[in-house]
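# A look at the structure
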Amino acid sequence: MQNYEIHITVPVGLGETNIERFQEICRALGVKAIVIDAHPLTDVMTSFRMKSDDQNEVFREMTHQMLVLGGHGYLAIRTKVETDITHPAVLTPLPNQYFESHIQVRLNEQDLVNLKELQQGIDFHISTNALKPVEDGKHIRMVTLREYHTTPEKFTRRVEALRNVLKSEGFELAKEMEIEFALYDSNPHHDQPWLAKR
């Protein structure tokens, strides 16, 4: 059985009423609503995790979710299927497939300033899930690495190295290491405004 995660990005206004309606529809569909603030890009999307030994089943599930969301007026602007690095496809990735890791860092406001300073010398990107609450004056930011045309071993070493740097600089990591492989991304250029800005 392989692990998969489906993301469907849709155009939703960022007003509170719009987000609440989207969250209600997601709950009824059995998926999680996420609002990613990756300045200058803000994305509203779904997240759905599943296990399957049939990859076609995953894409059928994605299509079902797209149809339901479309019935509520949310037409997908991007669909994405991620898996982990045990998937056979990681050994011979296609040009449009890539590895990605989101390192969750727990920050206060000064920590965020320090993280942005560190970013000036290291190639990573910062984003946050706007729906995650602030706890004890700290919020979660994702430090993201993405890489094409590499191997799982090389990318894992890169992620480990960045995690070690973050810890040595005093940042609090919120989760263990997770590495994803983008098996399918219908619109990878959608992230370009975010990827182009560091």
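Heads up: the structure comes first, above all this text.
What you see is a predicted model, and the numbers here were worked out from it, not measured in a lab. (Residues numbered from 1 in each chain as written. Predicted model: local features only at pLDDT ≥ 70, side-chain atom pairs only at ≥ 80, totals over all residues. Heavy atoms only, no water.)

### Observations concerning the layout of surface pockets
Rule in force here: The method works on a 1 Å grid over the protein atoms by themselves. A cavity is a set of points holding a 1.4 Å probe that cannot get out, a pocket is an open set with protein on both sides within 12 Å along at least five of seven lines, and residues with an atom within 4 Å of a point line them. Grid points are joined across faces, edges and corners, and a volume is the space filled by probe spheres set on the points. Numbering of helices and strands runs from the N terminus, with a helix taken as a DSSP run of H or I at least four residues long and a strand as a DSSP run of E at least two residues long. Ten residues, namely Ala, Val, Leu, Ile, Met, Phe, Trp, Tyr, Cys and Pro, are considered nonpolar, four, namely Asp, Glu, Lys and Arg, are considered charged, and the remaining ones, Gly among them, are considered polar.
In this model, the largest pocket occupies a volume close to 720 Å³. Forming the boundary of the largest pocket are 36 residues, of which His7, Ile34, Ile36, His102 and Met142 lie nearest the centre. Of all the secondary structure elements, the ones that give two or more residues to the lining of the largest pocket are β1 (2–10), β2 (32–38), β3 (41–52), β4 (78–84), β5 (98–107), β6 (125–129) and β7 (139–147). Here the lining of the largest pocket takes seven residues from β3, the largest share from any one element. Of the residues contributing to the lining of the largest pocket, the split by class is ten nonpolar, ten polar and 16 charged.

### Regarding the nonpolar core
Here is the rule we go by: For our purposes a nonpolar core is just a set of buried Ala, Val, Leu, Ile, Met, Phe, Trp, Tyr and Cys residues, chained together by side-chain atoms within 4.5 Å. Residue exposure (1.4 Å probe, protein chains only): buried if accessible area is under 20% of the type maximum, exposed if over 50%, otherwise partly exposed. We call two residues in contact when some of their heavy atoms are within 4.5 Å.
One finds Phe22 and Leu166 to be the most contacted residues of the largest nonpolar core, which totals 43 residues. By residue number, the principal contributor to this core is helix α1 (residues 16–29), which donates five residues. With residues up to four places along the chain from it excluded, the contact list for Phe22 reads Val10, Val12, Ala33, Val44, Met45, Thr46, Leu69 and Tyr74. Counting residues in each nonpolar core, the second largest holds eight residues, with Ile34, Ile36, Leu41 and Met142 among its members.

### So, the pairing of strand β9 (residues 180–185)
The two faces of the sheet receive side chains in turn, since in a regular strand these alternate between them. Quick note on the threshold: The pairing criterion is simple: DSSP has to find at least two bridges between the two strands.
For β9, the tally of buried residues reaches five of six residues, placing the bulk of the element in the interior. Here β5 runs beside β9; their pairing, made up of three bridges, is antiparallel. Paired with Phe99 across the bridge in β9 is Phe181.

Everything listed here is a matter of coordinates, which is why it stays silent on function.
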